[in-house]
Amino acid sequence: MGKLHDKTVKKLIKEKPSVRHADGNGLYLMTPKRGDAYWMLRYTTPATKLRREYTIGKVDDWSLADARDEAAKLRLAIKREGADPVQERQKVNQNPFKTLNDLYADYYELRKREIASHHKEKSLYEREVAWRIGKVELEKIRPVDISEILRDVATGYDDNKPRPTLSNDLMRLLRNLFDHGIKLDVTRFNPASPFRPRDAGGEEKAANYPMNEDEVTEFFTKLRVIPAQFSRENYLACALLIATCTRKMELLAAPWSEFDLENRIWYLPEERTKKRRAIDIPLAAPAVEWLNELKVRSCGSEWVFPARRISKKARTPHVCENTLNHALKKLFEKKLFSFDKRRVHDLRGTARTKLGKLGFDDNLAQRCLNQLPGNRTDRVYNKHGYFEERREAHEALCEWLAPIVRGEVNSGE
């Protein structure tokens, strides 16, 4: 036992005969002439052999027994781990990332540079995480907090339907977010690291359902005759997504400044691609023809697909990312087609599949989709852009697609 007792502590605080009163093993009761009494631990740092003094807390908040327990823990950490409590506290006090929201703000700046869909991640975080644990201190967040969020999203809560895929997205987001905190040395462990898809929304299958040639013919044949339900702009967007092998928002959010229609090239900058990889896309003659029509329809706008409704509340000056999705979804709900539902992203898969059937090897087909094939070494050293080879592939793709889009080939139904 130490030298001090509870009654002695009360007496010393009242009388304040001196500033420092030893309890033993480096623990002291401090009774300053001004201010509250507090507990202090003196120790020697293992590495630098410096003498330090660490304030445990006020006597009003820490009993003698609690102070002894805390001092014992600190001494053990100093001996076994070489810890320096004063230095650790300085790190905490200097740390600008107190809460999860603080950490996410820094992580978001990183994601803005890494991926084009960073705004989707931010929306997901704000909808499902920020209002729950965003204001909680980092070290107080536990795996059970993560589990509750993932299960709620996966099974549905309040008026929200079950969203298992979104739960998996959230799981990956949180794991990466806390890993970012560990890299910055602002948190010691990752409470989301134990979780796998089975703990969130379950294992996912790759959702890629390309259309075959007959389905593509039926798709454009039926869309062409319902302009009131599926606009000409939407129609040409579908054709261009196949012809250019691009992702939806790479096309729908494109400004005219990226296009050189005279030389038939689309200069897609890295900041607008998913993997932050710029690419020069060769445009076949039919694609240029469709773009020229869209230029007339855009009525002088700087965007290929300007926003349909002019409003101060419009989120973007170009069409919303859900415009084409909703238009297609409505038609499939009406059973307009003889085949199963397809998503806008499946048009990209359709282009990739057709390139294979046209005889182009996987290496070139992947490059048409702005994907880098081969191993990491090959990607580092092989800087050839295969532009002319890709132009040949896009020409062949449009040679098949253009007659269908123009209505020169009709569905057999």
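Our structure is the block above this text.
Residues numbered from 1 in each chain as written. Predicted model: local features only at pLDDT ≥ 70, side-chain atom pairs only at ≥ 80, totals over all residues. Heavy atoms only, no water.

The next thing to look at is the packing of aromatic side chains. On inspection of all chains with the given rule, the structure shows 11 aromatic pairs. Pairing Phe-220 with Tyr-235 gives two aromatic rings, centres 5.4 Å apart and planes at 90°, and the pair type is edge-to-face. Of this pair, Phe-220 sits in helix H8 (residues 213-224) while Tyr-235 sits in helix H9 (residues 232-244), placing them 15 residues apart in sequence. We classify Phe-220 as buried; its relative accessible area is 0%. For Tyr-235, a relative accessible area of 2% gives the class buried. Here Phe-332 and Phe-339 contribute two aromatic rings whose centre-to-centre distance is 6.0 Å and whose plane-to-plane angle is 65°, an arrangement assigned as edge-to-face. Classification of Phe-339 as buried rests on a relative accessible area of 9%. (Phe/Tyr/Trp six-rings, centres within 6.5 Å; stacked < 30°, edge-to-face > 60°. Helix = DSSP H or I, 4+ residues; strand = E, 2+ residues; numbered from the N terminus. Buried < 20%, exposed > 50% of the residue type's maximum accessible area, 1.4 Å probe, protein only.)

This brings us to the nonpolar core. By size, the foremost hydrophobic cluster in this structure holds 63 residues, and its most contacted members are Phe-219, Phe-220 and Phe-230. Beyond its immediate stretch of four places on either side in the chain, Phe-220 contacts Tyr-235, Cys-238, Ala-239, Ile-242, Leu-401, Ile-404 and Val-405. If you look at the next biggest cluster of nonpolar residues, it comprises 28 residues, including Tyr-108, Val-129, Ile-133 and Leu-177. (Core = buried A, V, L, I, M, F, W, Y, C linked by side-chain atoms within 4.5 Å. Contact = heavy atoms within 4.5 Å.)

On to the packing of helix H11 (residues 285-297) against helix H16 (residues 387-406), then. Where H11 meets H16, the axes come as close as 8 Å, and the angle between the chain directions of the two elements is 50°. Taken together, the axes of H11 and H16 are oblique relative to one another. Where H11 abuts H16, its residues Ala-285, Pro-286, Glu-289 and Trp-290 lie against Glu-395, Cys-398, Leu-401, Ala-402, Val-405 and Arg-406. (Axes fitted to C-alpha atoms, helices over the stretch in contact; angles between N-to-C directions. Parallel < 35°, antiparallel > 145°, perpendicular 65-115°, else oblique.)

Here we come to the sheet that holds strand E2 (residues 27-30). The four strands lie next to each other as E1-E2-E3-E4, forming an open sheet whose pairing is antiparallel. The two strands at the open ends of the sheet, each matched to only one other strand, are strand E1 (20-24) and strand E4 (51-58). Here the average twist between neighbouring strands, direction ignored, is 30°. As judged from the seven bridges shared by strand E3 (residues 38-44) and E4, these two strands associate in the antiparallel manner. Of the residues in E4, the one forming a bridge with Leu-41 is Tyr-54. Most of the contacts of helix H2 (residues 64-81) go to E3, to which it runs at about 20°, and overall it touches E1, E2, E3 and E4. (Pairing = 2+ DSSP bridges.)

Moving on: the pairing of E2. Residues Leu-27 and Leu-29 point to one face of E2 and Tyr-28 and Met-30 to the other, with burial holding for every one of them. Relative to E2, E1 runs antiparallel, the two sharing four bridges. By the bridge assignment for E2, Arg-20 is matched with Met-30. With antiparallel pairing between neighbouring strands as the criterion, E1 and E2 make up a hairpin whose turn holds two residues, including Asn-25 at a positive phi of roughly 60°.

Let us now look at the pattern of salt bridges. The full count for this structure, using the stated rule, is 27 salt bridges. Of the charged contacts in the structure, one is a salt bridge between Glu-114 and Arg-111, with a shortest N-O distance of 2.8 Å. On the criterion of helical spacing, the pair formed by Glu-114 and Arg-111 is a turn pair, its members being three residues apart in helix H4 (residues 100-114). Under the relative-accessibility criterion, Glu-114 is labelled partly exposed at 36%. (Salt bridge = Lys/Arg side-chain N within 4 Å of Asp/Glu carboxyl O.)

One non-glycine residue, Arg-264, lies in positive phi territory at about 60°. With respect to the helices and strands, the residue Arg-264 is situated in the loop between strand E5 (259-260) and strand E6 (265-268). At Lys-335, a position not held by glycine, the phi torsion is positive, near 55°. You can see Lys-335 is positioned in the loop between helix H12 (323-333) and helix H13 (346-357).

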